[in-house]
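Chain residues, written in single-letter form:
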Amino acid sequence: MSKRFERKTEAQFKNEKKALEMSSEKYRLIFEHSPFGIVHIDNKGVITDCNDNFVRIIGSPRKTLIGFDMLKMSDKRIVDAVKRMLRGEMVKFEGEYHHALTSSKVTPIRELFAPIVSEVGEIVGGIAVLEDITERISTEKKLQDAHKRLEEIIDFLPDATLVISREGRVIAWNRAMEKMTLIPKAQIMGRGNYEYALPFYNKRRPVLLDLLLMPAGKFARHIENYEIIQWSGDTLHAEVYVPNIYGGRGAYLLASASRLRNVSGEIFGAIETLRDITERKESEKKIKDNASELGRLYHQLNEAVEKAREFHERILPKTLPTAKGISIAAHYQTAQKLGGDFYDVVQVGNKLIIYLSDVSGHGMDGAMLNVFVKNTINGYLALSPEKNFSLKKILQFLSEQYNKENYPNDCFISIFISVLDLETFEFSYSGAGFQNTPLVYQITGNKKSMLQVRGLPITSAVSANLFEFEENRISLTPGSTILFSTDGLTEQTVNDVMYADRLKRIFYENSRLPPDIIVQAVNKDFQRFNNGCLQGDDDITILVLQVDPINKKEYRFKLESRFAEIEHFFERIFMLLNHRKGDSLLSPLHELVANAIEHGNKFNREKFVSVVLVVTDDYLFATVEDQGEGFDWKEKIFVPLELDGLKERGRGIALTRLCCDSLFYNEKGNKAYLVVNGFTFTDKPWQALLP
């Protein structure tokens, strides 16, 4: 029995020894491969062992470290931590470690000291775990620097800026806000309970950014405090007159507020910027005869996108000047609901000013920039005492006014502007950042050219003093034609092919025709190029200016809405054309006049039909306009001619289209445009043309 006991005891001893060795090896591996530096210290404060990471962090050889008395270190903070550990305390240390043993290197560290207590409660030494926190300190410093830069950016923003926390306490109040409210930053920081509203309204109440932090039910009760209020994504815009700011002087403000979110998407506060728009308001009133209407429309701009679109359409010219010796036609097509393109033609005395602009953005920002361009240029033209306008001065004035508005640096205006002297037909032009060079065709010499301008777009990123605007001029001869367009037309791309080269061909092929027909020819060709769609990826503006040919004659007629007028009308035409009869023109013209009387005006004697006839050496051009409601001509004009199935008007349009070179209508459908190229006269009696 004793032998069995001895064998069992021996076996147990071997197993326990093996387990102990395995446990020792496990802890040795943990000790050696720990990502932290680990050091063992005896009860005298002397290092007995350390791992490789400790050697690396400390930067001293292992042989130097083993046996080193930590109580003799020069850093009293570490000495104190070791002493407290040997008294049985857990001690944390964080700070800079100076490598006094080997070099002058400094390493930021975090160290945890823990005592080792024997089974009988005696402190036999300790363990210190060391971590190099250089990367963490560097990251924290970068965050602090970034936070400081952000604070400086906010502090020096040109717009007055307020930031509050989720609890409604002020955490940012920049210099522009100090200037606006006369409240120092030190006085307002950390304040809550709507104290930031006092300098604006003389009472504690929610301002725009507070609305963003409110439940939906409370939000609605405060909307009435603002003249205009509009959401744009997560940003709320509003306009309001505040009488108390600037020491009681008051001002119109454009306020924009957004929620602030952390990386997890949680709202931690809100920011509001205030821009003083008083100068713009006053300027609009001075330079516009219809300032009240423009002001009303401007204040409604942010109420809804649809109203903004209508406003943009209203600032486009409704009609073009009808100056003697020239013809003009234009087409405008937005890429989105609101456009970034704008054009205008203004006659001042014997000068005709034409300009096209392409501003940044296609939404409400673009619409507002277009309003600014029109008001600034037209205001300058209306108030300037100059008779000979300097394009350089106009552009310089536009640039200076733009910089006063404090538009963001990513906004810009590209513009082409020109002046035509209606007596000498000298054409001056200039521009800023306008990419599309207008195309020119002059009949004299069959000359084709382009009007190139250089220079940067107008932007607040460049000082107005640095702009140098050049001015060039050419002389236009009779029959000269200029095509202006924006890059939405030329840069439209289908299957990696841009429309630019195709535009040149279409223009020069049709450049002798009337501007209305040239515009229509470009639109039709662009639609074919763009897979049947007239709308492009960007806004499209087309404007054609033509100096009348030498032998151009224009005749205007006003007809009553009765068929008997047709006979008298053609008698007058024959007399004007030296009693010659042109089947190619008169047949389709007769059909259009009859349709206007019967289907347009419906024989209403109080309504009239207006006819314009233009005769040149190259073509006959006629327009026929009634005072009716119009019709959807696009559905009928391309229908193949069939004697059965078509109503009388549809059949008449199909016949007319076959008898002329070009036929189209205005958008409403109450004005027809007709062109016959290279017409011939016959000896047939004119009565044969009547039904």
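The rules behind these values
- Residues numbered from 1 in each chain as written.
- Predicted model: local features only at pLDDT ≥ 70, side-chain atom pairs only at ≥ 80, totals over all residues.
- Heavy atoms only, no water.
- Helix = DSSP H or I, 4+ residues; strand = E, 2+ residues; numbered from the N terminus.
- Buried < 20%, exposed > 50% of the residue type's maximum accessible area, 1.4 Å probe, protein only.
- Areas by Shrake-Rupley, 256 points an atom, 1.4 Å probe, with all protein chains shown as cover.
- Contact = heavy atoms within 4.5 Å.
- pLDDT = per-residue confidence, 0-100.
- Salt bridge = Lys/Arg side-chain N within 4 Å of Asp/Glu carboxyl O.
- Axes fitted to C-alpha atoms, helices over the stretch in contact; angles between N-to-C directions.
- Left-handed = near helix turned anticlockwise from the far one by under 90°.
- Core = buried A, V, L, I, M, F, W, Y, C linked by side-chain atoms within 4.5 Å.
- Pairing = 2+ DSSP bridges.
- Expected span 1.5 Å × (residues − 1).

A. Layout of the overall build of the chain. Scanning the chain for helices and strands turns up 23 helices and 28 strands. For the chain, the proportion of its 691 residues judged to be buried stands at 49%. Surface accessibility of the chain: about 36000 Å² in total, with carbon and sulfur atoms responsible for 51%.

B. Region of interest: the side chain of Ser662. Mapping Ser662 onto the fold places it in strand β27 (residues 662-665). Judged by relative accessible area, Ser662 falls into the buried class, the value being 16%. Leaving out residues up to four positions away in the same chain, Ser662 has contacts with Ile517, Tyr673, Leu674 and Val675.

C. Region of the structure containing the confidence of the model for the chain. A residue-level look at the chain finds 85% of positions with pLDDT of 70 or above and a mean pLDDT of 83. Averaged pLDDT values for the elements of the chain fall to 54 in helix α13 (residues 291-300) and rise to 95 in strand β20 (residues 481-485). This stretch, residues 680-691, has a pLDDT under 50; its non-local contacts, to residues over four places away or in other chains, come to 23 contacts.

D. A look at the pattern of salt bridges. Under the counting rule described, the total for this entry stands at 24 salt bridges. Taking the shortest distance from any N to any O, the salt bridge between Arg191 and Glu195 comes out at 2.7 Å. Residue classification places Arg191 among the partly exposed positions, given a relative accessible area of 37%. Under the relative-accessibility criterion, Glu195 is labelled buried at 17%. Each of Arg84, Arg87 and Glu89 takes part in salt bridges that share partners, so that together they form one network.

E. Main features of the packing of helix α18 (residues 500-510) against helix α19 (residues 515-529). Between α18 and α19, the least distance of the axes is 10 Å, while the angle of their chain directions is 150°. Where α18 crosses over α19, the two elements pack in a sense that is right-handed. Two secondary-structure elements touch here, α18 through Arg502, Leu503, Arg505, Ile506, Phe507 and Asn510 and α19 through Ile518, Ala521, Val522, Asp525, Arg528 and Phe529.

F. Layout of the nonpolar core. Among the nonpolar cores identified, the biggest contains 60 residues, and Phe569, Leu589, Val593 and Val611 are the most heavily contacted of them. Formed by 55 residues, the second largest nonpolar core is a distinct cluster that contains Ile328, Leu398, Phe469 and Leu543.

G. Fine view of the environment of Lys404. Of note, Lys404 is situated in helix α16 (residues 391-404). Considered as a pair, Lys404 and Arg280 are 124 residues apart in the sequence and their alpha carbons are 9.2 Å apart.

H. Summary view of the sheet that holds strand β1 (residues 37-42). Strands sit in the order β2-β1-β5-β4-β3 across an open sheet of 5 strands; the sheet is antiparallel. The outermost strands of the open sheet, each flanked by one partner alone, are β2 (47-50) and β3 (91-98). Going across the sheet, the axis of each strand differs from the next one's by a mean of 25°, ignoring polarity. Sheet topology places β3 next to strand β4 (residues 106-117); 8 bridges connect them, and they run antiparallel. In the sheet register, Val91 faces β4, and the bridge partner there is Phe113. Sheet contacts for helix α4 (residues 76-86): β1, β3, β4 and β5 (123-132); angle to β3, the most-contacted strand, approximately 155°. Helix-sheet contacts for helix α5 (residues 134-155) involve β3, β4 and β5, and the interaxial angle to β4 is about 130°.

I. Here's a closer look at α16. Between its first and last C-alpha atoms α16 spans 20 Å; for 14 residues at 1.5 Å apiece the expected length is 20 Å, and the two agree. The complete set of buried residues in α16 reads Leu391, Ile394, Leu395, Leu398, Ser399, Gln401 and Tyr402. Looking one or two places after α16, you find Asn406, whose phi comes out positive at around 60°.

J. Fine view of the sheet that holds β20. The strand order β12-β23-β20-β17-β18 describes an open sheet built from 5 strands, whose pairing is antiparallel. Strand pairing shows two members of the sheet lacking a second neighbour, β12 (326-333) and β18 (447-450), which therefore form its edges. Between one strand and the next, the sheet's axes are offset by a mean angle of 10°, whatever the strand orientation. As paired elements, strand β17 (residues 439-442) and β18 share 4 bridges and run antiparallel to each other.

K. A look at the pairing of strand β10 (residues 251-261). Relative to β10, strand β9 (residues 235-242) runs antiparallel, the two being bridged by 8 bridges. Opposite Tyr241, over in β10, you have Tyr252 as the bridge partner. Relative to strand β11 (residues 267-276), β10 is paired through 9 bridges, and the arrangement is antiparallel. Each residue of the ladder has a partner; that of Ala255, found in β11, is Leu274. Linking two consecutive strands that pair antiparallel, namely β10 and β11, is a turn of 5 residues; a positive phi of about 85° is found at Gly265 within it.

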